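Fold and geometry: a report
Each chain, letter by letter, is given below.
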Amino acid sequence: MAALGREAGADLKDAGVLPVRTGEASKDIRMATYTHGQPSVSLGDEKFRRPMVIEIIEKKMEYLRKEKTLNVYGTVFFGTAASFSGMLANFIFRHCFKVKHDALKTYASVTTLPFLSTVVAYKFLVTDALYLGNISQENCVLRSSLVGIVCGVLYPTGLAFSKTGRLAVKYHTVPLPPKGRVLLYWLLLCQTEVKAMMIPLVFQTVFGILNGLRHYAIFESTLEKTVRDD
């Protein structure tokens, strides 16, 4: 048996295979297991990394909370300005058409509807587009100013004009317009007073530009802080 063992060892040595002891084999196996793939993380590293991850998440939540608060304030103020435009337009047309009926009803509609339309339009056209990264700074300012002009001035003016005109026809507060020139007749009745709507038009345009610039700046600063923390 010893002769057979020596002959087998000689054959392995001739073939280039060296016999490995049991202790050395287990040591090599342990080294291969440790170095295969990524190195294992110690318990101290886990305790050190967990507070860092929590701190980064808290900072991101704070940035998003501040951005959301500022955006809500700007959008609400934008909608409130549209409500005041509706009130001014309704006052002008009621004075021109000499309407004194259903004041609460008309004022409620010309303030609530422009406010809601401005908030919803600004959210879809500006805020959501910014979060998706689909618009540039110039496009953001353009959309914001258009929302201010259309939803903050033109829509409440047209709404007040239609509601007050219907009341004027219903209660016969002004002479009925001739056939074929209805719109021109109504406009001639209030052409002087309606020029006062240039005030909210200029205000909404300027505020739309400033609000778009500020909103884009807040979004950019929040994005930079988030990337820097990562």
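All values derive from a computational prediction rather than experimental measurement.

About the thresholds
- Residues numbered from 1 in each chain as written.
- Predicted model: local features only at pLDDT ≥ 70, side-chain atom pairs only at ≥ 80, totals over all residues.
- Heavy atoms only, no water.
- UniProt positions renumbered as here; feature names shortened; annotations may be inferred.
- Helix = DSSP H or I, 4+ residues; strand = E, 2+ residues; numbered from the N terminus.
- Disulfide = S-S within 2.5 Å.
- Patch = residues over 30% accessible without salt bridge, like charges linked within 9 Å, V, L, I, M, F, W, Y side chains within 5 Å.
- Areas by Shrake-Rupley, 256 points an atom, 1.4 Å probe, with all protein chains shown as cover.
- Salt bridge = Lys/Arg side-chain N within 4 Å of Asp/Glu carboxyl O.
- Core = buried A, V, L, I, M, F, W, Y, C linked by side-chain atoms within 4.5 Å.
- Buried < 20%, exposed > 50% of the residue type's maximum accessible area, 1.4 Å probe, protein only.
- Polar contact = N/O pair within 3.5 Å; in protein donor to acceptor, adjacent residues only side chain to side chain.
- Contact = heavy atoms within 4.5 Å.

1. Brief notes about the UniProt feature "transmembrane region" (unreviewed entry) in the protein
- Using the residue numbers shown here, the UniProt feature "transmembrane region" (unreviewed entry) corresponds to residues 70–93, 113–133, 140–162 and 182–210.
- Secondary structure within residues 113–133 divides into 95% helix and 0% strand; the distance between the first and last C-alpha atoms comes to 29 Å.
- Taken end to end, residues 140–162 is 100% helix and 0% strand, and its two terminal C-alpha atoms sit 31 Å from one another.

2. Here's the deal with the state of the cysteines
- If you walk through the whole model with that rule in mind, you get 0 disulfides.
- Counting only cysteine sulfurs, Cys-190 is the nearest neighbor of Cys-96, a cysteine outside any disulfide, at a range of 4.9 Å.

3. Side note on a nonpolar patch on the surface
- Taken together, Met-198, Val-202, Val-206, Ile-209, Leu-210 and Leu-213 make up a surface patch of nonpolar side chains, about 500 Å² in accessible area.
- With respect to the secondary-structure elements, Ile-209 resides in helix α7 (residues 198–229).

4. Observations regarding the nonpolar core
- Judged by nonpolar contacts, the single largest core of 18 residues is most densely connected at Phe-93, Phe-97, Ala-168 and Trp-186.
- Those elements that place two or more of their residues in this core are α3 (43–97), α5 (137–171) and α6 (182–189).
- Val-147, Cys-151, Phe-207 and Phe-219 belong to the second largest nonpolar core, which has 13 residues in total.

5. Section: the side chain of Thr-157
- Along the polypeptide, Thr-157 turns up in helix α5.
- A relative accessible area of 15% places Thr-157 in the buried class.
- Reaching out from Thr-157, the side chain makes a polar contact with the backbone oxygen of Val-153 at a distance of 2.6 Å.
- Not counting residues up to four positions away in its chain, the partners in contact with Thr-157 are Ala-89, Phe-93 and Met-197.

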